[in-house]
Amino acid sequence: MAETTSRPAELAARLIDSGALGVDWRAAFEAVPRHRFIPDTVWTEDGERLVPVHRADDEAAWLELCYADDAVITQVDDGVPAEPGQVGHEITSSASRPDVVALMLSALEVEPGMSVLEIGTGTGWNAALLAERLGADQVTSVEVDPLVADHARRVLREAGYQVTVAAEDGALGYEPGAPFDRVIATVAVDRVPQVWAAQTRPGGRVLVPWTTDLHNGALVAFTVGREDAGAVMRGRIVGNVQFMRLRAQRGKRASLARDVRRTGQARRSVTDLHPSHALGEYDASLAAGLRVPHCKLIVSHDGDGGYTVWLVDPWSGSWASLEHEPGAESFPVQQSGARDLWAEVEAAYHWWDGLGRPSADRWGLTVAPEGQFVWLDVEEHPIDR
Ligand SMILES: C[S@@+](CC[C@H](N)C(=O)[O-])C[C@H]1O[C@@H](n2cnc3c(N)ncnc32)[C@H](O)[C@@H]1O
(Lines give C-alpha, C1' and ligand atoms only; values in the text may rest on other atoms or scores of the structure.)
Protein backbone atom coordinates (compact mmCIF):
# COMPACT_ATOMS: atom_id res chain seq x y z
CA MET A 1 0.00 0.00 0.00
CA ALA A 2 1.49 3.30 -1.08
CA GLU A 3 1.97 6.00 1.56
CA THR A 4 -1.29 7.91 2.12
CA THR A 5 -1.33 9.35 5.63
CA SER A 6 0.51 12.59 4.96
CA ARG A 7 -1.23 13.31 1.64
CA PRO A 8 -4.33 15.19 2.91
CA ALA A 9 -2.22 17.54 5.06
CA GLU A 10 0.18 18.15 2.17
CA LEU A 11 -2.74 18.92 -0.12
CA ALA A 12 -4.26 21.34 2.43
CA ALA A 13 -0.91 23.09 2.86
CA ARG A 14 -0.49 23.42 -0.91
CA LEU A 15 -3.96 24.88 -1.31
CA ILE A 16 -3.44 27.34 1.52
CA ASP A 17 -0.03 28.39 0.18
CA SER A 18 -1.50 29.00 -3.28
CA GLY A 19 -4.26 31.17 -1.78
CA ALA A 20 -7.05 28.86 -2.99
CA LEU A 21 -8.03 27.73 0.49
CA GLY A 22 -8.83 29.81 3.56
CA VAL A 23 -7.29 28.62 6.83
CA ASP A 24 -10.79 28.09 8.22
CA TRP A 25 -11.05 25.07 5.89
CA ARG A 26 -7.64 23.57 6.77
CA ALA A 27 -8.86 21.16 9.43
CA ALA A 28 -11.58 19.76 7.16
CA PHE A 29 -9.17 19.19 4.27
CA GLU A 30 -6.73 17.47 6.63
CA ALA A 31 -9.45 15.25 8.09
CA VAL A 32 -11.03 14.10 4.82
CA PRO A 33 -8.58 12.08 2.66
CA ARG A 34 -9.52 12.58 -0.99
CA HIS A 35 -8.42 9.09 -2.04
CA ARG A 36 -11.02 7.45 0.19
CA PHE A 37 -13.70 8.89 -2.09
CA ILE A 38 -12.16 8.00 -5.44
CA PRO A 39 -13.36 4.74 -7.04
CA ASP A 40 -10.85 1.97 -7.79
CA THR A 41 -11.14 2.62 -11.53
CA VAL A 42 -10.50 6.13 -12.78
CA TRP A 43 -9.90 7.42 -16.31
CA THR A 44 -7.26 9.52 -18.02
CA GLU A 45 -7.30 11.40 -21.30
CA ASP A 46 -5.43 9.86 -24.21
CA GLY A 47 -5.98 12.24 -27.13
CA GLU A 48 -9.72 12.31 -27.73
CA ARG A 49 -10.22 9.02 -25.87
CA LEU A 50 -10.57 8.19 -22.21
CA VAL A 51 -8.77 5.10 -20.91
CA PRO A 52 -9.00 3.43 -17.50
CA VAL A 53 -6.44 3.28 -14.70
CA HIS A 54 -7.20 0.44 -12.27
CA ARG A 55 -6.00 0.71 -8.69
CA ALA A 56 -5.45 -3.04 -8.62
CA ASP A 57 -3.02 -2.78 -11.56
CA ASP A 58 -1.03 0.22 -10.36
CA GLU A 59 -1.81 1.54 -6.89
CA ALA A 60 0.92 4.21 -7.02
CA ALA A 61 -0.34 5.66 -10.33
CA TRP A 62 -3.91 5.66 -9.01
CA LEU A 63 -2.82 7.44 -5.81
CA GLU A 64 -0.88 10.05 -7.77
CA LEU A 65 -4.06 10.85 -9.68
CA CYS A 66 -5.99 11.11 -6.39
CA TYR A 67 -3.63 13.81 -5.08
CA ALA A 68 -2.68 15.60 -8.29
CA ASP A 69 -3.77 19.22 -8.68
CA ASP A 70 -6.32 18.08 -11.20
CA ALA A 71 -9.79 16.64 -11.58
CA VAL A 72 -10.00 12.86 -11.42
CA ILE A 73 -12.29 11.34 -14.03
CA THR A 74 -14.42 8.78 -12.21
CA GLN A 75 -17.06 7.88 -14.78
CA VAL A 76 -17.25 7.99 -18.59
CA ASP A 77 -20.22 7.72 -20.93
CA ASP A 78 -22.72 7.45 -18.05
CA GLY A 79 -20.99 4.30 -16.79
CA VAL A 80 -21.17 2.42 -20.09
CA PRO A 81 -17.95 3.11 -22.03
CA ALA A 82 -18.96 3.60 -25.63
CA GLU A 83 -16.29 1.43 -27.22
CA PRO A 84 -15.34 -2.16 -26.63
CA GLY A 85 -11.98 -2.48 -24.89
CA GLN A 86 -13.12 0.05 -22.26
CA VAL A 87 -12.50 3.28 -24.13
CA GLY A 88 -14.72 6.20 -23.24
CA HIS A 89 -15.54 9.47 -24.97
CA GLU A 90 -17.42 11.71 -22.59
CA ILE A 91 -16.58 12.56 -18.99
CA THR A 92 -19.77 12.07 -16.99
CA SER A 93 -18.53 12.19 -13.39
CA SER A 94 -15.36 13.37 -11.72
CA ALA A 95 -13.77 14.51 -8.49
CA SER A 96 -13.32 18.22 -9.11
CA ARG A 97 -9.89 19.86 -9.04
CA PRO A 98 -8.84 20.43 -5.42
CA ASP A 99 -8.20 24.15 -5.98
CA VAL A 100 -11.66 24.52 -7.53
CA VAL A 101 -13.24 22.69 -4.59
CA ALA A 102 -11.29 24.99 -2.25
CA LEU A 103 -12.28 28.14 -4.14
CA MET A 104 -15.94 27.17 -4.18
CA LEU A 105 -16.10 26.16 -0.53
CA SER A 106 -14.46 29.46 0.41
CA ALA A 107 -16.90 31.38 -1.84
CA LEU A 108 -19.84 29.57 -0.24
CA GLU A 109 -19.25 31.54 2.98
CA VAL A 110 -20.58 28.92 5.39
CA GLU A 111 -20.85 29.29 9.12
CA PRO A 112 -21.62 26.77 11.87
CA GLY A 113 -25.29 25.88 12.00
CA MET A 114 -25.93 26.45 8.30
CA SER A 115 -27.59 23.85 6.11
CA VAL A 116 -26.22 23.17 2.64
CA LEU A 117 -27.61 21.51 -0.47
CA GLU A 118 -25.04 20.23 -2.95
CA ILE A 119 -26.09 19.48 -6.53
CA GLY A 120 -23.82 16.83 -8.10
CA THR A 121 -22.51 14.51 -5.36
CA GLY A 122 -19.95 12.81 -7.62
CA THR A 123 -17.42 11.06 -5.40
CA GLY A 124 -18.80 12.57 -2.18
CA TRP A 125 -15.51 14.31 -1.28
CA ASN A 126 -16.99 17.81 -1.35
CA ALA A 127 -20.00 16.63 0.68
CA ALA A 128 -17.61 15.08 3.22
CA LEU A 129 -15.66 18.33 3.53
CA LEU A 130 -18.91 20.19 4.17
CA ALA A 131 -20.00 17.52 6.66
CA GLU A 132 -16.67 17.73 8.49
CA ARG A 133 -17.07 21.49 8.81
CA LEU A 134 -20.82 21.78 9.49
CA GLY A 135 -21.96 18.35 10.69
CA ALA A 136 -23.34 15.62 8.44
CA ASP A 137 -26.96 16.37 9.38
CA GLN A 138 -26.56 19.84 7.86
CA VAL A 139 -25.54 18.49 4.44
CA THR A 140 -27.76 17.11 1.68
CA SER A 141 -26.40 16.10 -1.69
CA VAL A 142 -28.24 15.16 -4.89
CA GLU A 143 -26.72 13.00 -7.63
CA VAL A 144 -28.58 12.10 -10.82
CA ASP A 145 -26.67 8.89 -11.51
CA PRO A 146 -27.84 6.13 -9.14
CA LEU A 147 -24.57 4.16 -9.27
CA VAL A 148 -22.50 7.28 -8.59
CA ALA A 149 -24.89 8.14 -5.74
CA ASP A 150 -24.55 4.62 -4.29
CA HIS A 151 -20.76 4.86 -4.33
CA ALA A 152 -20.80 8.28 -2.65
CA ARG A 153 -23.29 7.19 -0.01
CA ARG A 154 -21.18 4.15 0.82
CA VAL A 155 -17.85 5.92 1.07
CA LEU A 156 -19.41 8.78 3.06
CA ARG A 157 -20.78 6.22 5.55
CA GLU A 158 -17.43 4.41 5.72
CA ALA A 159 -15.75 7.72 6.50
CA GLY A 160 -18.31 8.36 9.26
CA TYR A 161 -20.55 10.96 7.57
CA GLN A 162 -24.30 10.21 7.54
CA VAL A 163 -24.93 12.74 4.77
CA THR A 164 -28.28 12.47 2.97
CA VAL A 165 -27.44 11.49 -0.61
CA ALA A 166 -30.49 11.50 -2.89
CA ALA A 167 -30.29 9.78 -6.28
CA GLU A 168 -32.45 12.34 -8.05
CA ASP A 169 -32.38 15.12 -10.59
CA GLY A 170 -30.69 18.07 -8.93
CA ALA A 171 -32.38 20.42 -11.39
CA LEU A 172 -35.36 20.04 -9.05
CA GLY A 173 -33.32 20.84 -5.95
CA TYR A 174 -34.35 18.78 -2.94
CA GLU A 175 -37.68 19.85 -1.53
CA PRO A 176 -37.73 17.54 1.55
CA GLY A 177 -34.69 19.33 2.99
CA ALA A 178 -35.67 22.91 2.10
CA PRO A 179 -35.15 25.65 3.00
CA PHE A 180 -31.34 25.65 2.89
CA ASP A 181 -28.94 28.41 3.87
CA ARG A 182 -26.63 27.58 1.00
CA VAL A 183 -26.84 25.77 -2.33
CA ILE A 184 -23.67 24.74 -4.14
CA ALA A 185 -23.84 23.25 -7.63
CA THR A 186 -20.78 21.27 -8.67
CA VAL A 187 -22.18 20.85 -12.15
CA ALA A 188 -22.55 23.58 -14.76
CA VAL A 189 -25.76 25.07 -16.11
CA ASP A 190 -26.66 27.44 -18.88
CA ARG A 191 -30.23 27.90 -17.62
CA VAL A 192 -30.11 28.19 -13.83
CA PRO A 193 -33.02 26.37 -12.14
CA GLN A 194 -35.12 28.95 -10.28
CA VAL A 195 -36.13 26.26 -7.80
CA TRP A 196 -32.63 26.53 -6.26
CA ALA A 197 -33.62 30.07 -5.20
CA ALA A 198 -37.05 28.94 -4.05
CA GLN A 199 -35.45 26.31 -1.77
CA THR A 200 -33.01 28.79 -0.20
CA ARG A 201 -33.74 31.08 2.72
CA PRO A 202 -34.01 34.80 1.85
CA GLY A 203 -30.52 36.26 2.16
CA GLY A 204 -28.98 32.86 1.45
CA ARG A 205 -26.27 32.18 -1.08
CA VAL A 206 -26.40 29.99 -4.18
CA LEU A 207 -23.15 29.17 -5.97
CA VAL A 208 -23.43 28.08 -9.59
CA PRO A 209 -20.91 27.27 -12.35
CA TRP A 210 -22.54 29.05 -15.26
CA THR A 211 -21.75 28.06 -18.81
CA THR A 212 -22.60 28.91 -22.39
CA ASP A 213 -21.94 26.63 -25.35
CA LEU A 214 -18.81 28.57 -26.24
CA HIS A 215 -17.50 29.54 -22.82
CA ASN A 216 -17.44 27.26 -19.80
CA GLY A 217 -15.87 29.06 -16.91
CA ALA A 218 -17.92 31.43 -14.78
CA LEU A 219 -18.74 30.87 -11.13
CA VAL A 220 -21.74 32.99 -10.12
CA ALA A 221 -22.48 33.77 -6.47
CA PHE A 222 -26.18 34.60 -6.08
CA THR A 223 -28.02 36.18 -3.18
CA VAL A 224 -31.61 35.05 -2.77
CA GLY A 225 -34.54 37.38 -2.22
CA ARG A 226 -38.32 37.10 -2.14
CA GLU A 227 -40.57 39.21 -4.35
CA ASP A 228 -44.31 39.15 -5.09
CA ALA A 229 -43.80 36.73 -7.98
CA GLY A 230 -41.65 34.37 -5.87
CA ALA A 231 -37.98 33.71 -5.17
CA VAL A 232 -35.49 35.75 -7.17
CA MET A 233 -31.70 35.53 -7.07
CA ARG A 234 -29.16 37.96 -8.40
CA GLY A 235 -25.46 37.33 -8.70
CA ARG A 236 -22.17 38.21 -10.24
CA ILE A 237 -19.23 36.26 -11.56
CA VAL A 238 -16.74 35.60 -8.76
CA GLY A 239 -14.41 33.05 -10.31
CA ASN A 240 -13.29 30.99 -13.25
CA VAL A 241 -14.30 27.34 -12.91
CA GLN A 242 -15.06 24.71 -15.52
CA PHE A 243 -17.55 21.94 -14.90
CA MET A 244 -19.37 19.26 -16.83
CA ARG A 245 -22.94 20.18 -17.55
CA LEU A 246 -26.10 19.18 -15.74
CA ARG A 247 -27.29 16.03 -17.46
CA ALA A 248 -30.47 17.56 -18.99
CA GLN A 249 -28.49 20.53 -20.32
CA ARG A 250 -25.65 18.63 -21.96
CA GLY A 251 -26.68 19.57 -25.46
CA LYS A 252 -24.59 18.07 -28.22
CA ARG A 253 -20.93 17.13 -28.26
CA ALA A 254 -18.96 18.56 -31.14
CA SER A 255 -16.67 16.26 -33.08
CA LEU A 256 -14.34 17.35 -35.85
CA ALA A 257 -14.56 13.92 -37.45
CA ARG A 258 -18.37 14.02 -37.55
CA ASP A 259 -19.23 17.70 -37.89
CA VAL A 260 -16.60 19.14 -40.24
CA ARG A 261 -17.85 18.15 -43.70
CA ARG A 262 -17.83 19.58 -47.22
CA THR A 263 -14.45 21.23 -46.66
CA GLY A 264 -14.05 21.76 -50.41
CA GLN A 265 -17.10 24.04 -50.51
CA ALA A 266 -16.22 26.19 -47.50
CA ARG A 267 -16.31 29.98 -47.89
CA ARG A 268 -12.76 31.32 -47.60
CA SER A 269 -11.61 34.67 -46.24
CA VAL A 270 -8.86 36.22 -44.11
CA THR A 271 -9.15 38.01 -40.78
CA ASP A 272 -6.72 40.13 -38.81
CA LEU A 273 -8.52 39.57 -35.52
CA HIS A 274 -6.18 37.32 -33.54
CA PRO A 275 -8.03 34.20 -32.37
CA SER A 276 -6.60 34.47 -28.88
CA HIS A 277 -7.90 38.03 -28.57
CA ALA A 278 -11.41 36.96 -29.49
CA LEU A 279 -11.53 33.54 -27.86
CA GLY A 280 -8.42 32.96 -25.77
CA GLU A 281 -8.82 35.84 -23.37
CA TYR A 282 -11.24 35.19 -20.56
CA ASP A 283 -13.27 38.41 -20.65
CA ALA A 284 -13.64 38.47 -24.44
CA SER A 285 -14.54 34.80 -24.75
CA LEU A 286 -17.09 35.13 -21.97
CA ALA A 287 -18.79 37.92 -23.96
CA ALA A 288 -18.60 35.86 -27.17
CA GLY A 289 -20.37 33.05 -25.32
CA LEU A 290 -23.23 35.41 -24.49
CA ARG A 291 -23.70 36.39 -28.13
CA VAL A 292 -22.91 33.22 -30.09
CA PRO A 293 -25.18 30.37 -29.00
CA HIS A 294 -24.94 26.76 -30.16
CA CYS A 295 -21.27 27.06 -30.96
CA LYS A 296 -18.51 24.86 -29.55
CA LEU A 297 -14.81 25.59 -29.59
CA ILE A 298 -12.11 23.03 -30.38
CA VAL A 299 -8.41 23.86 -30.80
CA SER A 300 -6.09 21.46 -32.62
CA HIS A 301 -2.30 21.93 -32.51
CA ASP A 302 -0.05 21.04 -35.43
CA GLY A 303 3.11 20.39 -33.38
CA ASP A 304 5.11 23.27 -34.95
CA GLY A 305 3.61 26.00 -32.77
CA GLY A 306 0.70 26.51 -35.14
CA TYR A 307 -2.88 25.72 -34.30
CA THR A 308 -6.36 25.71 -35.78
CA VAL A 309 -9.36 27.13 -33.99
CA TRP A 310 -12.55 25.29 -34.89
CA LEU A 311 -16.02 26.63 -34.26
CA VAL A 312 -18.65 23.94 -34.58
CA ASP A 313 -22.43 24.09 -34.36
CA PRO A 314 -23.39 20.40 -34.05
CA TRP A 315 -27.10 21.32 -34.24
CA SER A 316 -27.04 23.00 -37.67
CA GLY A 317 -23.87 21.42 -39.07
CA SER A 318 -22.18 24.80 -39.55
CA TRP A 319 -18.49 25.05 -38.82
CA ALA A 320 -15.64 27.51 -39.21
CA SER A 321 -11.88 27.19 -38.93
CA LEU A 322 -9.17 29.74 -38.41
CA GLU A 323 -5.53 28.87 -38.88
CA HIS A 324 -2.83 30.42 -36.76
CA GLU A 325 0.84 30.19 -37.72
CA PRO A 326 3.47 31.49 -35.26
CA GLY A 327 4.15 35.19 -35.89
CA ALA A 328 1.31 35.63 -38.37
CA GLU A 329 -0.76 38.82 -38.29
CA SER A 330 -3.58 37.66 -40.47
CA PHE A 331 -5.35 34.32 -40.40
CA PRO A 332 -7.07 32.26 -43.10
CA VAL A 333 -10.72 31.52 -42.31
CA GLN A 334 -13.07 28.89 -43.69
CA GLN A 335 -16.79 28.90 -42.97
CA SER A 336 -19.36 26.31 -43.96
CA GLY A 337 -23.09 25.79 -43.42
CA ALA A 338 -25.99 28.12 -42.73
CA ARG A 339 -24.08 30.16 -40.15
CA ASP A 340 -20.92 32.21 -40.55
CA LEU A 341 -19.61 31.26 -37.14
CA TRP A 342 -16.35 33.19 -37.30
CA ALA A 343 -18.23 36.32 -38.45
CA GLU A 344 -20.54 35.88 -35.44
CA VAL A 345 -17.56 35.65 -33.10
CA GLU A 346 -15.99 38.72 -34.70
CA ALA A 347 -19.25 40.66 -34.28
CA ALA A 348 -19.41 39.57 -30.63
CA TYR A 349 -15.82 40.72 -30.10
CA HIS A 350 -16.58 44.17 -31.56
CA TRP A 351 -19.76 44.37 -29.47
CA TRP A 352 -17.73 43.64 -26.32
CA ASP A 353 -15.06 46.10 -27.43
CA GLY A 354 -17.74 48.76 -28.00
CA LEU A 355 -19.04 48.21 -24.48
CA GLY A 356 -15.61 49.21 -23.15
CA ARG A 357 -14.28 45.64 -22.85
CA PRO A 358 -16.07 44.80 -19.60
CA SER A 359 -14.32 42.35 -17.30
CA ALA A 360 -16.12 39.22 -16.15
CA ASP A 361 -16.96 40.61 -12.72
CA ARG A 362 -19.11 43.33 -14.29
CA TRP A 363 -21.64 40.84 -15.67
CA GLY A 364 -24.59 39.87 -13.53
CA LEU A 365 -27.31 37.29 -13.78
CA THR A 366 -30.85 37.43 -12.42
CA VAL A 367 -32.91 34.26 -12.06
CA ALA A 368 -36.61 34.83 -11.41
CA PRO A 369 -39.82 32.80 -11.80
CA GLU A 370 -40.35 34.36 -15.26
CA GLY A 371 -36.87 33.41 -16.48
CA GLN A 372 -33.23 34.51 -16.34
CA PHE A 373 -31.42 37.44 -17.88
CA VAL A 374 -27.91 38.82 -18.03
CA TRP A 375 -26.97 42.40 -17.22
CA LEU A 376 -23.95 44.63 -17.22
CA ASP A 377 -23.12 46.48 -13.99
CA VAL A 378 -26.74 47.06 -12.99
CA GLU A 379 -29.88 45.07 -13.49
CA GLU A 380 -31.46 47.99 -15.35
CA HIS A 381 -29.04 47.27 -18.23
CA PRO A 382 -30.11 43.82 -19.44
CA ILE A 383 -28.33 42.58 -22.52
CA ASP A 384 -29.81 41.09 -25.60
CA ARG A 385 -28.69 37.48 -26.06
C1 LIG B 1 -17.96 17.32 -11.27
S2 LIG B 1 -18.94 16.07 -10.65
C3 LIG B 1 -19.20 16.57 -8.98
C4 LIG B 1 -17.98 16.48 -8.10
C5 LIG B 1 -18.33 16.22 -6.68
N6 LIG B 1 -18.97 17.31 -6.01
C7 LIG B 1 -17.18 15.67 -5.88
O8 LIG B 1 -16.91 16.13 -4.78
O9 LIG B 1 -16.58 14.70 -6.34
C10 LIG B 1 -20.54 16.45 -11.31
C11 LIG B 1 -21.60 15.44 -10.93
O12 LIG B 1 -22.87 16.01 -11.23
C13 LIG B 1 -23.70 14.93 -11.57
N14 LIG B 1 -24.91 15.45 -12.25
C15 LIG B 1 -25.08 15.74 -13.56
N16 LIG B 1 -26.35 16.14 -13.78
C17 LIG B 1 -26.97 16.13 -12.58
C18 LIG B 1 -28.29 16.42 -12.16
N19 LIG B 1 -29.23 16.79 -13.02
N20 LIG B 1 -28.58 16.28 -10.85
C21 LIG B 1 -27.65 15.86 -9.96
N22 LIG B 1 -26.38 15.55 -10.31
C23 LIG B 1 -26.05 15.69 -11.60
C24 LIG B 1 -22.82 14.05 -12.43
O25 LIG B 1 -23.37 12.74 -12.51
C26 LIG B 1 -21.52 14.13 -11.67
O27 LIG B 1 -21.40 13.09 -10.75
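Conventions adopted
- Residues numbered from 1 in each chain as written.
- Predicted model: local features only at pLDDT ≥ 70, side-chain atom pairs only at ≥ 80, totals over all residues.
- Heavy atoms only, no water.
- Helix = DSSP H or I, 4+ residues; strand = E, 2+ residues; numbered from the N terminus.
- Expected span 1.5 Å × (residues − 1).
- Buried < 20%, exposed > 50% of the residue type's maximum accessible area, 1.4 Å probe, protein only.
- Arc of directions from axis to C-beta.
- Contact = heavy atoms within 4.5 Å.
- Near = heavy atom within 4 Å.
- Polar contact = N/O pair within 3.5 Å; in protein donor to acceptor, adjacent residues only side chain to side chain.
- Areas by Shrake-Rupley, 256 points an atom, 1.4 Å probe, with all protein chains shown as cover.
- Domains from an automatic or database assignment.
- Buried area = accessible area lost by both parts, 1.4 Å probe.
- Salt bridge = Lys/Arg side-chain N within 4 Å of Asp/Glu carboxyl O.
- Nonpolar A, V, L, I, M, F, W, Y, C, P; charged D, E, K, R; others polar.
- Phe/Tyr/Trp six-rings, centres within 6.5 Å; stacked < 30°, edge-to-face > 60°.
- Core = buried A, V, L, I, M, F, W, Y, C linked by side-chain atoms within 4.5 Å.

A.B. asks: I'd like a description of helix H1 (residues 7-18), backed by residues and values.
C.D. replies: A rise of 1.5 Å per residue sets the reference length of H1, with its 12 residues, at 16 Å; its end C-alpha atoms lie 16 Å apart and thus fit the reference within 8%. Among the residues of H1, those classed as buried are Arg7, Pro8, Leu11, Ala12, Leu15 and Ile16. An end-on view of H1 places all buried positions within 165° of arc, on one side of the element. Buried residues along H1 sit against helix H2 (26-31), helix H3 (59-67), helix H4 (98-108) and helix H5 (125-134).

A.B. asks: Please give an account of the site of the ligand that cites residues and values.
C.D. replies: What surrounds the ligand is a group of 25 residues, the closest being Ser93, Thr123, Glu143, Asp169 and Gly170. In the model, an oxygen atom of the ligand is placed 3.5 Å from a nitrogen or oxygen of the Ser94 main chain. One of the side-chain nitrogen or oxygen atoms of Glu118 is found 3.0 Å away from a nitrogen atom of the ligand. Calculation on the ligand without its partners gives an accessible area of 600 Å², and the protein chains cover 99% of this total.

A.B. asks: Describe in detail the domain arrangement of the chain, supporting the description with residues and values.
C.D. replies: With domains assigned, the chain is organised as domain 1 (7-239) and domain 2 (256-354). A separation of 32 Å is found between the C-alpha centroids of domain 1 and domain 2. Listed as interface residues are nine residues of domain 1 and, on the opposing side, 16 residues of domain 2. Taken together, both faces of the contact between domain 1 and domain 2 bury some 920 Å²; the carbon and sulfur share is 66%. Its largest share of buried area at the contact with domain 2, domain 1 owes to Asp213, Leu214 and His215, together 71% of the area lost on that side. Where domain 1 packs against domain 2, one counts zero salt bridges. Between the two partners, domain 1 and domain 2, sit six residue pairs in polar contact (both at pLDDT 80 or more). Counting only elements with at least two residues in the side of domain 1 that touches domain 2, the list comes to strand S10 (216-227) and strand S11 (230-239). Residues that form the side of domain 1 that touches domain 2 fall into these classes: four nonpolar, four polar and one charged.

A.B. asks: Help me get a handle on the packing of aromatic side chains, residues and values and all.
C.D. replies: Tallied over the full model, the rule gives five aromatic pairs. Ring centres 6.0 Å apart and planes at 55° place the aromatic pair Trp310 and Trp319 in the tilted group. Each member of the pair, Trp310 as well as Trp319, carries the same accessibility label: buried. Here the aromatic rings of Trp351 and Trp363 are separated by 5.9 Å at their centres, their planes lie at 25°, and the arrangement is stacked. Taken together, the positions of Trp351 in helix H11 (residues 341-354) and Trp363 in strand S17 (residues 363-368) put the pair 12 residues apart, joining distant regions of the chain. Considered together, Trp351 and Trp363 belong to a single accessibility category, that of buried residues.

A.B. asks: For the environment of Val148, give the residues involved together with the corresponding values.
C.D. replies: Structurally, Val148 can be placed in helix H6 (residues 146-158). Relative accessible area serves as the criterion here: at 11%, Val148 is assigned to the buried category.

A.B. asks: Any chance you could break down the nonpolar core for me, citing the residues and the numbers?
C.D. replies: By size, the foremost hydrophobic cluster in this structure holds 57 residues, and its most contacted members are Val192, Trp196 and Trp342. With seven residues, H11 is the single largest residue contributor to this core. Here this core gathers at least three residues from each of two domains, domain 1 (7-239) and domain 2 (256-354). Leaving out residues up to four positions away in the same chain, Trp342 has contacts with Thr271, Leu273, Pro275, Ala278, Leu279, Leu311, Ala320, Leu322, Val333 and Gln335. Listed in part, the 52 residues of the second largest apolar core include Phe37, Ile38, Trp62 and Leu63.

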